[in-house]
Structures are given as structure tokens and as C-alpha cells.
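In case you want the letters, here they are:
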Amino acid sequence: MEMSDATPTPAAYTPFPAAGNIPDADREDLRRHGVLMTSMEELYNWGRSNSIWPLQFGLACCAIEMIAAATARFDIARFGAEIFRPSPRQADLMIVSGTVTKKMAPLVVRLWNQMPEPKYCIAMGACAISGGPFKQGYNVLKGIDRFIPVDIYIPGCPPRPEALLNGLVQLQKKIKGEKLSGPDAARFTRADVPSEFPIPEYGAHDLEPTKNPAVWTPPAPPSA
Amino acid sequence: METVEQLRDRLLARFPAAKIELVTNPSAAAEHSLLIDAAHGRDIALFLRDDPTLRLDYCSNVTGIDWPDKEITDITKTTVADPAGASGATKVVEQKTTRIQPGYLEAVYHLYSMALKHGPVILRLRTANRSDAVTLPSFTPVWRSCDFQEREIYDLYGIIFECHPDLRRLLMWYEFKDHPMRKDYVEPDDYEWEPTAHGAILEKAKANRLTSAPIAGDAATPGPGSAPPATKSSNTEAKP
């Protein structure tokens, strides 16, 4: 590899996605001259993306990593998400951290239903994504996305705290890109998109139903 | 502590009517165990706990085993005179008979003495069969630590512990009907295609796909009482 002696070019600037008629580049230009112009949408998204309050609950070993992410060493407070709320009514973010057993799944869906919009879900770790190493077990749900919509998937077994922080940053980017009006408005602004989801019942052999087809459909096998 | 053979002999002397067998463990661990009958189980357990030279005051572990029906082939060799010649030559005829050894459920208790620092003494109890006579005496009144472990065995194997103070399912939900750790447990057939190296899973997923409705319409049968897929929204309060 050859070292270049040219002056390093500054990294390409990615502006905040914003609504309005002024292009982002123009507003950035104004910022350079000391004029701060923003939109209600940008300000709103900036505020709530930097103060995400997660729901305080853990399901398995991933929760230990989540706790570690809250400690001084990893310090989730740097991203404004350190206020773990013990009540779903006060939480913005559900971090499904760990194995969701079939016995626990209805309660997780109930907690999700109790959270007010706008709300987001992170599936943390292999178990929450798909059941992980316990996928074919008799009492493990094969992924929480069978019942509630998941915004961010964080793979790992368990994911390190840095991975959780990366997922949180990805979620912040997603929130900052959300529109509050218009045809591509965010999910929580639309009345035709459900906010609550059916809670599965305990059946004689399995959960009933085993999945919510409005949220999740099985992957199609490769056609080859 | 006395050997397990000595213990068996002492128990037999103390409980002459009881049926106590030594189950040997041929492995290097050589943890031999005592198979005791359910009728005298409680008396034997109390004796083991209270005997001054044993004082087995701590039950560290209780576990279950499922022994399904086993087919055993017996070979009996009989010597018959050679029918062809009268020279006296005999012929050995093998006769194979198969019988079914009925299965049973087993509970295994590991006992230690905290007071005298010895153990373990391992007890086994077996049910009469795997279907309708699955009752064993509970040892929770003798050792409190058996409580959750016997509930777990009841949950996963289906052994009913008589005189247990609170025999409910421990891990599965109360509406659950099966006993998942039994060898003949039939798991829910809900395999889907997934990128896996395990061919057995893909085979099951394939069979499932052929027998079931089209994938997208798999919605099919929501359980009784469960709400239909939500279409109406209740997030109006969150509108900015």
C-alpha cells in the first residue's frame, strides 16, 4: 500500500435529513456563517433521538451486557439513553435482551402494547432475533419479531456493549431520518399502522398463534 | 461412611419388607445407587436423614429419567438329538424370543451430610409404568430442597409426587399438556426454511411446506380467543 502525501480530504459531511424547502447543503452553508436554521421536524427528531429512554428489563445473559453498557466503562449515557425506565408507560425503547421463552413471550408483547408511541424495539442477541442456539427447543420463541416489529437487530451471543451502543446509534440515525408528515411519514404518525399487537395465548402444546402473520412471514427458501 | 453395600444391608435389616436393590455404576466414577421401592420411600428417607451415623441432611439434586419400553431378545440354546442319524450326534438349536420390558419413569436423589461431611448417597425410585401409575412419594417434607426440583420433574417428565405441598408446573405454563423431556414427546411441527447446515431441519421444513398452506397464507388458525391481527390503530395520542 502506498502512502499518499496529499493533504487528507475531509470526510464527506452527511447532513441531518430534514424537511422543508431549503436543501441541506444550503442550511449547512448558513451554519458555517453562524446562522442556525432548522425545522421543527429536525429539532424534534434531534431531541428525541438523543434522549431515548429504554425499558428496564432483561431476559437472559444479553441483559448482563446491557447492564455493562450502562456502567461507567461503556457509558450509554454518552448517547442519552441511560435512563432505564421501570415502567413501559415512560419508555421509548424496548431492548429485548436475551432468550424469549414461550412462557415469557405474551408478557413481552403486553409490555410492548403498554408503551406509548413513538416506540422502538431492539432485538439484542441471537436468541431475541431467531431463538439462537435454542431455536428448536420446546420452550423458546424463534425470535421476538414474530409478534412485534423490530427496528434494529444486534447479532451476537451475547453482543458486546459496543455492539449495543452501535445499535443504539443506528436507531438514532433512523429516528433522525423520520418524517413527521407527508406520504413517507414515520410509522407512529400514521393511524392505519397498528401500535398494539395481539397477545398470544398459552396453548396446550404451543403458543396460539405461534406467530403474527401481519408482522412476520417465514423466509422463502432459495429457488435454486 | 459405610459402603453402599453395607448401607443396603442395614436398610434391609431395618425395613425387612422393603425392596432395596443396588444399582451399580460400571464407569470410573463408580457412583453406585440404591433402588428403593415407592411404598417404603418416605420411611427410608426419614431414616437416612435421622440416623446418627448417616445424618444425610442435604438433598443436593433431584433429577428425572425416562426409560421407554425396551425390546429385549432372549436367546435360549437347547440341545436336541440329531434327527437324521442315530449316531448320537446332537445339534444346538437357538431359539429367539423377544419380549417388551415395560418402561418406567425414575427419580434420582443425591444426598449429602453437611453435619458429618460425607456423601453422596444416591437413591432411585421408579414408577410402575409411564402412563397411569406415575406416582412416587414426595421427599419435600423430608428435605425442603426437593421442592422446586420435584416440581421440575413433574413438569418435564410427568411424575406425580404424592404429598408434595405445591405440585404445579415450574418451567412451562399451566395450560401446557405435554412433558417435554419424555422420549416420546412430539414437538410442535413449525419448522421453516432457514439457512442452516443441518439437513434434518431442512427436511422437516420441506415436509412442513408440502403439507401446509402456502407460506404467505400461513396465518390460518389463530387460537381461540386471540384477537385478530390488529388493523386499527390506537396510537393517536402520540401524534405530534
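Residues numbered from 1 in each chain as written. Chains lettered and ligands numbered in written order. Predicted model: local features only at pLDDT ≥ 70, side-chain atom pairs only at ≥ 80, totals over all residues.

Thoughts on the overall build of chain B
Definition in use: Where helices and strands are cited, they refer to DSSP runs of H or I of at least four residues and of E of at least two residues respectively, numbered from the N terminus. Exposed residues have 12 or fewer other C-beta atoms within 10 Å of their own C-beta, buried residues have 20 or more, and residues in between are partly exposed; the C-beta atoms are placed from the backbone.
When helices and strands are counted, chain B shows four helices and nine strands. Listing the helices and strands of chain B from first to last along the sequence gives α-β-β-α-β-β-β-β-β-β-α-β-α. A burial count over chain B gives 20% of its 240 residues as buried.

A short note on the overall build of chain A
Using the following cut-off: In this description, any two residues whose backbone-derived C-beta atoms lie within 7 Å of each other are considered to be in contact.
Along its length, chain A carries six helices and five strands. Along chain A, helices and strands appear, N-terminal first, in the series α-α-α-β-α-β-α-β-α-β-β. Projected onto the principal axes, the alpha-carbon positions of chain A cover approximately 70 × 50 × 50 Å. Here chain A holds 224 residues, and the buried ones make up 37% of them. A separation of at least 24 residues holds for 74% of the contacts in chain A among residues at least 6 apart in sequence.

Details of the sheet that holds strand S3 (residues 152-154) of chain A
Residues and elements named next belong to chain A. Test applied: In this scheme, strands are said to pair when DSSP sees at least two bridges between them. Every axis corresponds to a line fitted to the C-alpha atoms, with the helix fit spanning only the stretch in contact, and the corresponding angles, defined between N-to-C directions, vary from 0 to 180 degrees.
Strand order in this open sheet of three strands is S1-S2-S3, and the pairing throughout is parallel. The strands lining the two open edges of the sheet, one partner per strand, are strand S1 (93-97) and S3. The sheet shows a mean angle of 15° between the axes of neighbouring strands, direction not considered. Alignment of strand S2 (residues 120-124) against S3, held across three bridges, turns out to be parallel. Looking at S3, one finds that alanine 123 is bridged to tyrosine 153.

Quick word on the environment of A:Pro54
Residue and element names in this part refer to chain A. With respect to the helices and strands, the residue proline 54 is situated in the loop between helix H2 (40-49) and helix H3 (62-70). In this structure, the C-alpha to C-alpha distance between proline 54 and methionine 124, residues 70 residues apart in sequence, is 13 Å. Excluding its chain neighbours within four sequence positions, the residues that come into contact with proline 54 are Ala81, Phe84, Ala91, Leu93 and Ile95.

Some points on H2(A)
All names here are of chain A. Worth spelling out the cut-off: The directions from the helix axis to the C-beta atoms form the arc being described.
For H2, the full list of buried residues reads Glu41, Glu42, Asn45 and Ser49. The arc enclosing the buried residues of H2, seen along the axis, measures out at 95°, which places them on a common side. Away from the buried face of H2 by more than 90 degrees, exposed residues Met40, Leu43 and Gly47 are located. Where H2 is buried, its residues touch helix H6 (161-176).

Thoughts on the sheet that holds strand S7 (residues 118-126) of chain B
Residues and elements named next belong to chain B. The five strands lie next to each other as S1-S2-S7-S6-S3, forming an open sheet whose pairing is mixed. With one partner strand each, in any of the chains shown, strand S1 (20-23) and strand S3 (58-67) form the two edges of the open sheet. Sheet twist, expressed as the average angle between the axes of neighbouring strands with direction ignored, equals 25°. Two strands pair when backbone bridges link them, and strand S2 (residues 33-36) and S7 are joined in this way by four bridges, in the parallel orientation. Bridging across to S7, serine 33 finds its partner in isoleucine 122. Against the sheet, helix H3 (residues 146-156) makes contact with S3 and strand S6 (104-113), and its axis sits at roughly 10° relative to S3, the strand it touches most.

Some thoughts on the nonpolar core
All names here are of chain A. Stated precisely, the cut-off is as follows: Working definition: the nonpolar core is a set of buried Ala, Val, Leu, Ile, Met, Phe, Trp, Tyr and Cys residues, joined through C-beta atoms within 7 Å.
In terms of nonpolar packing, the biggest core is built from 43 residues, with Val96, Ile122, Ala123, Met124 and Ile144 touching the most fellow members. For this core, the elements supplying multiple residues, two or more each, are H3, S1, helix H4 (105-114), S2, helix H5 (125-130), S3 and H6. Considering every element that reaches this core, the biggest residue donor is S2, with five residues. The contacts of methionine 124, once residues within four sequence positions are left out, are Cys62, Met66, Ile95, Val96, Ser97, Ile154, Pro159 and Leu164.

Description of the confidence of the model for chain B
Residues and elements named next belong to chain B. Put simply, the rule reads: For every residue, the predictor states its confidence as a pLDDT score lying anywhere from 0 to 100.
Looking at chain B, the pLDDT average stands at 84 and 85% of residues meet or exceed 70. Every residue in residues 215-240 is under pLDDT 50, and counting partners more than four places away or in other chains gives 53 contacts. Prediction confidence for the complex, expressed as pTM and ipTM, is 0.79 and 0.75 respectively.

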